[in-house]
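Fold and geometry: a report
One letter stands for each residue in the lines below.
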Amino acid sequence: MSPPPFADTALAWLHPWVLPGQPLHYSEWQAGGTEVAPLWAQFLAHSGVASPEALNARATQVRHRVREDGASYNVFGDGDEATRPWPLELLPMLLSPEDWAQIAPGAVQRARLMNAAMADVYGPRQLLDEGLLPPQLVLAHPQYLRAMHGVRPLGGVHLHVLALDLARGPEGRWWVLAQRTQAPSGLGYLLENRGIVGPQFPGSLRALQVQRLDGAYRAFMQGLLRLSPAGERSRVVLLTPGRHNETYFEQVFLARHLGLTLVEGGDLTVRANRVFLKTLHGLEPVHVVLRRVDDEFLDPLELRADSTLGVPGLLQAMRSGQVVVANAPGAGWLESPGLAAFWPGVAERLLGETLSLPASEAWWCGEQSVWEKFKGELSGFVVAPTFTASATTRSFAPRVVDALSPEARAQWVQAISMDPAAHTLQARIRPSETPVWRGGHLAAHPAVLRVFVLADGQGGWQAVPGGLVRIAGQGDGGDDPWLSMQRGSASADAWVVGASTAPPSQPSAEPADVRPPLREPLSREALALAPRIVTSRAAENLFWLGRYTERADAQVALARLMVAEPTDAPAPLWSALERMARHVGLVDEEAPPWPNVAALVQAMVQQLGDPHASVSLAYNLQCLKACASGLRDRLAAEHWTLIHEAEANVRQRLGAVALAAASPPDTLAVLTFSAMQLAAITGAQTDRMMRDDGWRLLSVGRHIERMDYLAQVLDAGLAHGLPDSDEGAAALLQLFDATITFRAQFQGRREVLPLLHLLVHDADSPRSLAWVATALKNRLRRLAQHDPDWAEAWAQRLPNPAQWVLPESLADQQAVAALREALCVTSAQMAGLSDAIAQRLFAHVSMAFSPQLHLTRSMGFGGTEQ
């Protein structure tokens, strides 16, 4: 069959493009020669690309998908944290069948070796006794855990996930640069990369028979279930350090893909040597913990005592055989580059095999003869840290000696001589260069490939057919030899090409996935009884997500009214607005009081966009974003994007407005846009979330906040006689979001009773106090079905505005006083209910694990500190 008609055109403009690569680097694009490599020629022939514009358009689509998915990476520097979009390149790295035939068996062999070494070092210690591993590199390593000695994990599997960083050398061979054995990252980003890049080139994906990823992930999960003490009935969780971890997005993404519950240390507890998940309805057993928390933080009882990321008692639960922890704690020492030279001998001893995937040459300077040999000539080496940083060891970023000045080299020689054991010399492997499309041009950049090996639970391992590629941001990566993401490298997908290519006219030749399902199929009865788990941390975040959304919405509504209201409006109206503004935190105690209206409004505008003012609009949106960050596994990407943009809009635009002392129309424009964003967020919460107990808790939080706010607004309005004036009545209707309804229903009537009826009694208005009270009671009863007596007791205690007697006019002072008293009691009851919910449903969440930024819960109405 002939290739697609656009294939010749694509090759015509790309074929003669000899990339300006480095002479000491292997070229993936040209395969060591001057012609386009056959794999890339096939890729282009079926890519549908016929011009640079087509690649530009697809690169734009990649960036759009990254933003749409909220894919991100947290970068740390100088004590600050910055979240940047995931830097994904358009073009994948192509791995031929011959490449994969070298990589996959070698990677699996390394996994078997590392697991066997773990079993020996924490068991009989023959490798140490026989001198095959130096005790100074093992026992002195800060991530060798003495608490794990003698612990045999379930099934004898210490390493469930192994990651190897590989580079193709100038001669075309693959070399191991580093290995990650503690809590390897990247499995989620690997899926994200494939999900974004694959659809850009569907024709190439089919024609090259790119191997799929799903089977390896399915086999991995099946392996965890095999090892679990509860088998297929197991609950598997992914333990994350939290939203400030640099790879938090991929942890959320991986948990979603694998169907795991994303948890933090405070979500788990150990009782009688068993691990439990704290949920809204009590404790649920946990059988497998897939962890992304580093070793020393896992168990504050036996490891680092100041850790708030781990689970007290987790190691004892492992010893008792009650839980699988993947990877088993204590694997961090395997990552030391100082051990690289010893692994071939260990492989011969433990496996009786020669390592098929070589590592770059490495020399540990802790051996005196080694340092004496090389200290006079360090050219061609990378100086790498032997250990991770700890109280007894130090670490540093690897440095390429050839990139250093003579003065800097001399300083490094002096530093190594002072502490040789802390330094390892690695022969520099210049990674191969892979094509990237940047700025409308093809370029060649060095690339490192991370491949993953996953345990199958039966004593074997499987290499994931693909990988996570790190590409140098610029130059040859000389100042960053292993191309760290923290130092600005980009990422790309890696495609493992099938053994043969199919004619382009045929459908995909990808083999059908014939592996058994992950678990036994669910019956209709089991589906009906399947619980939806809501962790206590997620429940708390959802509760405050609802409250902060409602709180910000109320602040925006009041701020819009104050900015738009003429400064010469009636004095009672401005007096009431000042009282409301102080109550909800729009202005602080230092703001000038009424009747200096202009200064009052200016003070409000100054505070609105200040994220450091503990009750400002910017602060509340910052708290809303913090809650949403802890719920990334439950919120749609669009929902998260709305919250992120709403917070940025207020922080950036209102801050600029305040600094520029802008006119009221400019301020009003920003607030109006904020109101639209909050309306969209409310819509997402109301109509686009699963209505489980978590959603009910969110709804209860919203109704508590709304009930309290509206009661306070109406009380202030009655205190200043607003229902008696046109301006005052209009202000109340606007704050209750009932202007259109009132006009349609009462057609210009101005009596007090119809106004109060709509604001208090109307059972169809979602802003009337009666409607909010009824909805709150119903949601509370549904939420606490596991504790109906408690829920019913509170429902009966809550106010019933539908039975309140409304005054026909403000002249009826006794009726007005009774209504105001009921409104004050309502606010107090909302605060009491908030406390009761916290005590009843969040009591087993310690303060250390409460959502970040929830330091000031109350703005003077509705709720207490947590």
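In this report, we go over the structure that sits alongside the text. As the structure is a computational prediction, the values presented were derived from the model and not from experiment. (Residues numbered from 1 in each chain as written. Predicted model: local features only at pLDDT ≥ 70, side-chain atom pairs only at ≥ 80, totals over all residues. Heavy atoms only, no water.)

Concerning the nonpolar core
Ranked by internal contacts, the top residues of the largest apolar core, which has 108 residues, are Leu545, Leu558, Met604 and Ile837. Ranked by residue count, the leading element in this core is helix H16 (residues 536-564), at 15 residues. For Leu545, the contacting residues outside a window of four places in its chain are Leu624, Cys627, Ala628, Leu631, Leu635, Ile643, Gln685 and Leu698. With 92 residues, the next largest nonpolar core counts Val49, Ala59, Leu225 and Leu449 among its residues. (Core = buried A, V, L, I, M, F, W, Y, C linked by side-chain atoms within 4.5 Å. Buried < 20%, exposed > 50% of the residue type's maximum accessible area, 1.4 Å probe, protein only. Helix = DSSP H or I, 4+ residues; strand = E, 2+ residues; numbered from the N terminus. Contact = heavy atoms within 4.5 Å.)

Side note on helix H18 (residues 597-608)
Over its 12 residues, H18 runs 16 Å from end to end, which matches the ideal 16 Å to within 8%, given 1.5 Å per residue. Looking only at H18, the buried set comprises Val597, Leu600, Val601, Met604, Val605, Gln607 and Leu608. An end-on view of H18 places all buried positions within 170 degrees of arc, on one side of the element. (Expected span 1.5 Å × (residues − 1). Arc of directions from axis to C-beta.)

Quick word on the pairing of strand S20 (residues 467-471)
Extensive coverage of S20 is indicated by the burial of five of its five residues. Neither face of S20 is exposed, since Gly467, Val469 and Ile471 on one face and Leu468 and Arg470 on the opposite face are all buried. Direction of pairing for strand S18 (residues 441-455) relative to S20: antiparallel, over a ladder of four bridges. Of the residues in S20, the one forming a bridge with Ala447 is Ile471. Here S20 runs beside strand S21 (residues 490-496); their pairing, made up of five bridges, is antiparallel. Within S21, the residue paired with Leu468 across the bridge is Asp493. (Pairing = 2+ DSSP bridges.)

What about helix H23 (residues 726-735)?
Within H23, burial applies to Gly728, Ala729, Ala731, Leu732, Leu733 and Leu735. Each element contacted by the buried residues of H23 is listed here: H16, helix H17 (571-584), helix H22 (693-719), helix H24 (739-746) and helix H25 (752-761). Phi turns positive one or two residues past the end of H23, at Asp737, with a value near 55 degrees.

Here's the deal with the packing of aromatic side chains
As enumerated under the stated definition, the model contains 16 aromatic pairs in all. Residues Phe43 and Phe201 carry aromatic rings whose centres are separated by 4.9 Å and whose planes lie at 55 degrees to one another, so their mutual orientation is tilted. Here Phe43 is found in helix H2 (residues 38-45), whereas its partner Phe201 is found in the loop between helix H7 (187-197) and helix H8 (202-207), with 158 residues between them in sequence. Each member of the pair, Phe43 together with Phe201, is buried. The cationic tip of Lys373 hangs over the ring face of Trp363; the distance from NZ or CZ to the ring centre is 5.3 Å. (Phe/Tyr/Trp six-rings, centres within 6.5 Å; stacked < 30°, edge-to-face > 60°. Lys NZ or Arg CZ within 6 Å of the ring centre and 35° of its normal.)

A look at the sheet that holds strand S8 (residues 268-271)
Strand order in the open sheet made by the three strands is S8-S9-S10, with antiparallel pairing throughout. Looking at strand neighbours, the two that pair on one side only are S8 and strand S10 (282-286), the edges of this open sheet. Recorded for the sheet is a direction-independent mean angle of 45 degrees between the axes of neighbouring strands. Summarising the sheet, strand S9 (residues 274-279) and S10 pair through five bridges and their orientation is antiparallel. Paired with Thr279 across the two strands is Gly282, which belongs to S10. (Axes fitted to C-alpha atoms, helices over the stretch in contact; angles between N-to-C directions.)

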